[in-house]
Amino acid sequence: HKLYISKDYSSVAVGADEVALVVEKEASSRSIPLSIIRTGSYGLYWLEPLVEVQLEGTKRVAYGPVKPEDVRPLFESGFLNGGDHPLFIGDVQEHPYLKRQKRLIFERMGRLEPLSLDAYVEMGGFRGLKNALEWGQNRVIDEVTKSGLRGRGGAGFPTGIKWKTTWLAPSSQKYIVCNADEGDSGTFSDRMVMEGDPFLLIEGMMIAGFAVGANKGYIYLRSEYPLAYEILNKAIDICKQKGYLGSKLFGTSFSFDLEVYLGAGAYICGEETALLDSLEGKRGMVRPRPPLPAVKGLWGQPTVINNVITLASVPWILSYGGDAYARFGVNRSKGTLPVQLSGNLKYPGLVEVPFGISLKELIYEFGGGTRTGKPLKAIQIGGPLGPYLPESLLDIPLDYEELSKIKGIVGHGGIVAFDDSVNLAHMAHYAMEFCAEESCGKCTPCRIGSTRGMELMEKIIWGKGSRKDLELLFELCDTMINASLCGLGGMTPFPVLSALRYFPEDFGYSKQDIV
Ligand code: SF4
């Protein structure tokens, strides 16, 4: 018998390791031969730990969420042959949460043994790379440009243009840097890829390296992801042993080498220029632009910096073509986005969908509304510096430009939901506190502004905030937005201003006070 249990850290956090252990013990006490394959997670997190059983052929049925004490009754109900049990879910692929998605990046996730290179190749892996090597640099960059792919780390910059800039930059040494410092609250799609389908990221980086003429890549990984660190390193070793990394590929003259570099826990190192400083062994400080990293990046050399999901989108694009990718999505927001649903939701998890879906569909049709059953008060989209949006704005489609019209951001695709027990003034205060804590200190609006902002908000929320304090807070936000060197200082006012605008009563003000 073959079982599949996720080893993804979110599954482990709710007991997947314990369940795997108890299943093993129970099987051995019953002398049932069993092999347990640890996979990535499908992202249906409310069903984790999810145990999938292989039936005849490729058919699998799942049970979940399984607790250690459920294991014996599961054996007694004959679950190894798909027997009936209250935790029976059936074929996960047919689950509406998965079926309604359009999985391009996450197509293998959950089905694949993360470190089996053979399984990866069998499921279409390295097809994109092979096409890239056959087509040549020009066409690869063309396909990526045609696909409309934009940076999924937050900035939404067109990937094709970035690659072309580095390709055209004259230098004999260029680099590909993967930003895997996934530091935004409510985001976990990068981690899922690295833990559950690591060869996908490696392939994406190799394609990027080939396209721009770089033979060396670094994955800048946050230190809070120990499992991703272990899996990536093992995956890189396997690629080296099998001749995918560090040697000439498929009879071409292209070779690529890859290393994982661990960050030290600073949020600002997710900003690409601070990340480069950190990668060079310095304290992570934001660099002024120009020069762009695409022209003068790591150790002064042309460098492509893309986040994990951006790079993981590339193999599909090179397998099926840029036009095929651009058929998904709307307007200038092409392709799919792995949206991460969390907070007060009934069904939190990973949902890969084409752009254009409304926030309401994501929250209610996928997320199932609030877990507490209380009315939804707000969502925050785009990380800790994204705005708080009220329910009345949820008809907005997931689209970079549409969201920016209401001063919203797609960011890294994380959506956190709150019911009506939340106080948005307190949450907004947290944004200033976060900025004060994480500021790199290079520019005054952010370094000093965040601390003054925090004090002002404390006065408003817990003291006797006057009209003048409110005006001062608006003025401070304006300065931070317009005069900060990078997005940390420049975006911290977004949650503050949105909370004030949509939920003034939480600050003790009325709507008229805020106009
Ligand atoms: Fe550093 Fe903040 Fe200025 Fe960004 S905005 S450069 S984090 S001080």
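Residues numbered from 1 in each chain as written. Predicted model: local features only at pLDDT ≥ 70, side-chain atom pairs only at ≥ 80, totals over all residues. Heavy atoms only, no water.

Participant: What should I look at first to understand the overall build of the chain in this one?
Facilitator: The helix and strand inventory of the chain stands at 22 helices and 16 strands. In terms of overall dimensions, the chain is globule-like: its C-alpha atoms have a radius of gyration of 24 Å, near the 24 Å expected for 515 residues. For the C-alpha atoms alone, the extent of the chain along its principal axes is close to 75 × 60 × 40 Å. Residue burial in the chain is summarised as follows: out of 515 residues, 59% are buried. (Helix = DSSP H or I, 4+ residues; strand = E, 2+ residues; numbered from the N terminus. Rg over C-alpha atoms; globule rule 2.2 N^0.38 Å. Buried < 20%, exposed > 50% of the residue type's maximum accessible area, 1.4 Å probe, protein only.)

Participant: Would you mind showing me how to read the site of the ligand here?
Facilitator: Around the ligand there are 13 residues in total, and Cys440, Lys442, Cys443, Cys446 and Cys486 lie nearest to it. At a threshold of 2 Å from the grid points, most atoms of the ligand map onto the largest cavity. Grouping the constituent residues of the shell around the ligand by class yields 8 nonpolar, 4 polar and 1 charged. (Near = heavy atom within 4 Å. 1 Å grid on protein atoms, 1.4 Å probe; cavity = no way out; pocket = protein on both sides within 12 Å on 5 of 7 lines; lining within 4 Å. Sits in = over half its atoms within 2 Å of the grid points. Nonpolar A, V, L, I, M, F, W, Y, C, P; charged D, E, K, R; others polar.)

Participant: For this particular structure, what's the right way to read the sheet that holds strand β5 (residues 88–90)?
Facilitator: Two orientations exist for strands paired in a sheet by backbone hydrogen bonds: parallel and antiparallel. Pairing is mixed in the open sheet, where 5 strands are placed in the order β2-β1-β3-β4-β5. Here the strands that pair on one side only, and so sit at the sheet edges, are β2 (35–39) and β5. Taking the axes of each pair of neighbouring strands and ignoring which way they run, one obtains an average angle of 30° across the sheet. Across the sheet, helix α2 (residues 16–29) touches β1 (2–6), β2 and β3 (51–54), and the angle it forms with β2 is around 170°. (Pairing = 2+ DSSP bridges. Axes fitted to C-alpha atoms, helices over the stretch in contact; angles between N-to-C directions. Contact = heavy atoms within 4.5 Å.)

Participant: Before we go on, may I ask you to explain the nonpolar core in this structure?
Facilitator: Across soluble globular proteins, nonpolar side chains have a tendency to be buried as a group. Of all hydrophobic cores here, the largest spans 83 residues; its most connected members are Leu359, Leu362, Leu398 and Phe507. Residues Ala119, Phe188, Val308 and Leu350 belong to the second largest nonpolar core, which totals 66 residues. (Core = buried A, V, L, I, M, F, W, Y, C linked by side-chain atoms within 4.5 Å.)

Participant: What is the right way to read the packing of aromatic side chains from this model?
Facilitator: Tallied over the full model, the rule gives 25 aromatic pairs. Ring centres of Tyr218 and Trp299 lie 6.1 Å apart, and the angle between their planes is 65°; this geometry places the pair in the edge-to-face category. A residue pair is termed long-range when its members are at least 10 positions apart, and Tyr218 in strand β7 (residues 216–221) and Trp299 in the loop between α12 (272–279) and β9 (303–307) qualify at 81 residues. For Trp299, a relative accessible area of 42% corresponds to the partly exposed category. Consider the rings of Trp316 and Phe328, whose centres lie 6.1 Å apart with planes at 65°: the pair is edge-to-face. (Phe/Tyr/Trp six-rings, centres within 6.5 Å; stacked < 30°, edge-to-face > 60°.)

Participant: Help me understand the domain arrangement of the chain, please; the structure alone is not making it clear to me.
Facilitator: A common way to report how large an interface is uses the accessible area buried once the components associate. Domain annotation of the chain identifies domain 1 (2–96), domain 2 (117–326), domain 3 (329–419) and domain 4 (424–514). Summarising the inter-unit geometry, the C-alpha centres of domain 2 and domain 3 are found 26 Å apart. At the junction of the two partners, domain 2 supplies 22 residues and domain 3 supplies 24 residues. Taken as a group, Arg150, Arg152 and Phe188 account for 34% of the area that domain 2 buries against domain 3, more than any other trio of residues on that side. Our count for the contact surface shared by domain 2 and domain 3 stands at 1 salt bridge. (Domains from an automatic or database assignment. Buried area = accessible area lost by both parts, 1.4 Å probe. Salt bridge = Lys/Arg side-chain N within 4 Å of Asp/Glu carboxyl O.)

Participant: Quick question: what am I supposed to make of the layout of surface pockets here?
Facilitator: Empty space among the atoms can be located by rolling a probe the size of a water molecule over them. Here the largest pocket defines a volume of roughly 1300 Å³. Around the largest pocket sit 49 residues that line it, and Gly153, Gly154, Ala155, Gly270 and Glu271 are the ones nearest its centre. Among the secondary structure elements, those contributing two or more residues to the lining of the largest pocket are α8 (159–168), β9, α16 (400–405) and α20 (487–491). For the lining of the largest pocket, the residue count by class is 19 nonpolar, 20 polar and 10 charged. (Points joined across faces, edges and corners; volume = space filled by probe spheres on them.)

Participant: Just checking my understanding: could you explain the side chain of Arg108 for this structure?
Facilitator: If you trace the backbone, Arg108 turns up in the loop between α4 (96–99) and α5 (117–122). Within polar-contact distance, the side chain of Arg108 engages the backbone oxygen of Met123 at 3.0 Å. Setting aside anything within four residues of it in sequence, one finds Arg108 in contact with Tyr120, Met123, Gly124, Gly125, Asp197 and Leu200. (Polar contact = N/O pair within 3.5 Å; in protein donor to acceptor, adjacent residues only side chain to side chain.)

Participant: When you look at the pattern of salt bridges in this model, what are you seeing that I'm missing?
Facilitator: Charged atoms that come close allow side chains of opposite charge to pair. For the structure on display, the rule yields 33 salt bridges. Between Arg287 and Asp277 there is a salt bridge, and its shortest N-O distance comes to 2.9 Å. A residue pair is termed long-range when its members are at least 10 positions apart, and Arg287 in the loop between α12 and β9 and Asp277 in helix α12 qualify at 10 residues. When the shortest N-O distance is used, the salt bridge between Lys405 and Glu402 registers 2.9 Å. Separated by 3 residues within a single helix, Lys405 and Glu402 lie in helix α16, roughly one turn from each other. Judged by relative accessible area, Glu402 falls into the partly exposed class, the value being 23%. One salt-bridge network, held together by shared partners, links Glu26, Arg30, Arg72 and Glu76.

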